[in-house]
Every structure is written in structure tokens, then in C-alpha cells.
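Summary of structural features
Each chain is listed here by its residues.
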Amino acid sequence: LTNGDLVVLKNTTLIEKFNSAGARATAPFPLTFPTGTTTDVAPMINGQFMVCTSGTTNTLRTYSAAGVINATPIVTSSLPTPALGASGMSSCIQAPDGTVYVVFSAIATVRAYNSTMTTTLWTYTDSNTLTVNQTSKIALRPNGNLLIADRGYDHILELTKDGAF
């Protein structure tokens, strides 16, 4: 986080927080997610963090640095529109310009949202199933491009920050 603290996905239902000296934070940490599967946790540029889940919840939620939920849900596979159907989120990240990128694994899709996550900026869905089949994690390159790992074919897909292949 911006203050040097670190939030860590411990398993599919727990998130731990450590301060910059490595000491474990206490209440409300560890955060427990009873439904769905927590797939990713990522820092936000405002010092908060976001959590992606799949399964029955399939949502992206934001939390203050203290672990207090801000909104639930902000993004689902059907919000903001257009709907993606029942597709699990596998990863999320926020770029320095505020754009939020979410990877939906079941349909090999990456979606970009504005910084408040209320508007879909673009959606990339691979129409060539030989290129991508099970997208998993996302990372940002220094030039702003996105790197998306694919579990099905064991390779990396690179997209521009505007969603071009």
C-alpha cells in the first residue's frame, strides 16, 4: 500500500496485512471471505486495496487500508454493462492513471474500467481460442502494457493499455 504496508492473499478465504517492518496487523485482519474464492488482492493508487473473487460471489470489492469495506460489489461479471455472464475473476490491478483492469478466466476476457469502476472502458475477448484459453493473472509493464498469464497454453498475452493485441 502507499504507506509501505503489505496485504497478502494467504489462501482462498484469508487476507493478511503486514506493516513495513513485517509485523502482522491485527483486527480486523486477517480478513475472512466466507463465500466464493478469493483470487487476487491488489493495491490501489489511493492507498486502499481491491479484492477479486470468483465462484458464487464473483465480485471486485474495495477496502480502506484499515480493512474496512468501501462498497460491495463494485464490479461483477454483469456490472457495469455489458454483462459477461458467469465468469470468474482471476486477477485485478490498477494502473497509475487509475484505470482498473480485471481478468475473467472462464471466457478469456480482460476488461478495463474507469478509476471509480462505474464505466467499462473496453473489453478484450480472444476470438482465437488458440491464443488464449484460461487467463489467470495480470501485471503491468513499465510502458503501460498489460501482461496476462494463460494457464491453458502456458504463455503470456500482451495487450496495450487500450486493449489492442
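The structure reproduced in this document is the subject of the present report. (Residues numbered from 1 in each chain as written. Predicted model: local features only at pLDDT ≥ 70, side-chain atom pairs only at ≥ 80, totals over all residues. Heavy atoms only, no water.)

1. Quick look at the sheet that holds strand β8 (residues 89-94)
Taken together, the four strands give an open sheet; going across it, the order is β8-β9-β10-β11, and neighbouring strands pair in antiparallel fashion. Single-partner strands in this sheet number two, and they are β8 and β11 (120-125). Averaged over all neighbouring strand pairs, the angle between strand axes comes to 15°, with direction disregarded. (Pairing = 2+ DSSP bridges. Helix = DSSP H or I, 4+ residues; strand = E, 2+ residues; numbered from the N terminus. Axes fitted to C-alpha atoms, helices over the stretch in contact; angles between N-to-C directions.)

2. Some words on the state of the cysteines
Applying the stated criterion across every chain, the model contains one disulfide. Each disulfide pairs two cysteine sulfurs, and for Cys 52 the partner residue is Cys 92, the sulfurs being separated by 2.4 Å. Of this pair, Cys 52 sits in strand β5 (residues 49-54) while Cys 92 is found in strand β8, placing the two residues 40 residues apart along the sequence. Both residues of the pair, Cys 52 and Cys 92, count as buried. (Disulfide = S-S within 2.5 Å. Buried < 20%, exposed > 50% of the residue type's maximum accessible area, 1.4 Å probe, protein only.)

3. Description of the sheet that holds strand β12 (residues 135-140)
Pairing in this open sheet of three strands is antiparallel, and the strands run β12-β13-β14 from one edge to the other. Where the open sheet ends on each side, the last strands, each with one partner, are β12 and β14 (155-159). Within this sheet the neighbouring strands show an average axis-to-axis angle of 25°, counted without direction. When β12 meets strand β13 (residues 146-150), the two strands line up antiparallel, connected through four bridges. Looking at the pairing, Leu 140 lines up with Leu 146 of β13.

4. A closer look at the side chain of Glu 16
With respect to the helices and strands, the residue Glu 16 is situated in strand β2 (residues 14-18). Polar contacts involving the side chain of Glu 16 include one to the side chain of Lys 10, which spans 3.4 Å. Residue contacts for Glu 16: discarding those within four places in its chain leaves Leu 6, Val 7, Val 8, Lys 10, Arg 24, Phe 29 and Pro 30. (Polar contact = N/O pair within 3.5 Å; in protein donor to acceptor, adjacent residues only side chain to side chain. Contact = heavy atoms within 4.5 Å.)

5. Quick look at the pattern of salt bridges
Taken as a whole and judged by the stated rule, the model has four salt bridges. Of the charged contacts in the structure, one is a salt bridge between Asp 5 and Lys 17, with a shortest N-O distance of 3.4 Å. One end of the pair, Asp 5, is in the segment before β1 (6-9); the other, Lys 17, is in strand β2, and twelve residues separate them in sequence. Here Arg 141 ties to Glu 158 by a salt bridge, and the two come within 3.1 Å at their closest N and O atoms. Separated by 17 residues along the polypeptide, Arg 141 in the loop between β12 and β13 and Glu 158 in strand β14 bring together distant segments of the chain. Because the salt bridges share partners, they merge into one network encompassing Lys 10, Glu 16 and Arg 24. (Salt bridge = Lys/Arg side-chain N within 4 Å of Asp/Glu carboxyl O.)

6. Overview of the nonpolar core
Within the largest apolar cluster, 13 residues are counted, with the highest numbers of intra-cluster contacts made by Tyr 101, Val 110, Trp 122, Ile 138, Leu 146, Ile 148 and Leu 159. Counting only elements with at least two residues in this core, the list comes to β9 (100-104), β10 (109-113), β11, β13 and β14. Trp 122 has contacts with Tyr 101, Val 110, Arg 111, Ala 112, Leu 146, Leu 159, Thr 160, Lys 161, Asp 162 and Gly 163, leaving out every residue within four places of it along the chain. (Core = buried A, V, L, I, M, F, W, Y, C linked by side-chain atoms within 4.5 Å.)

7. A closer look at the packing of aromatic side chains
Scanning all chains against the criterion turns up three aromatic pairs. Relative to Phe 49, the ring of Phe 29 lies with its centre 6.4 Å away and its plane at 40°, an arrangement referred to as tilted. One end of the pair, Phe 29, is in the loop between β2 and β3 (31-32); the other, Phe 49, is in strand β5, with 20 residues separating them in the sequence. Overall, Phe 49 belongs to the buried group, its relative accessible area being 0%. Ring plane angle 45° and centroid distance 5.9 Å describe the contact between Tyr 101 and Trp 122, whose orientation is recorded as tilted. Linking Tyr 101 in strand β9 with Trp 122 in strand β11, this pair joins segments that are 21 residues apart in sequence. Summarising the burial analysis for this pair, Tyr 101 and Trp 122 share the class buried. (Phe/Tyr/Trp six-rings, centres within 6.5 Å; stacked < 30°, edge-to-face > 60°.)

By themselves, these observations are geometric and do not establish any function.
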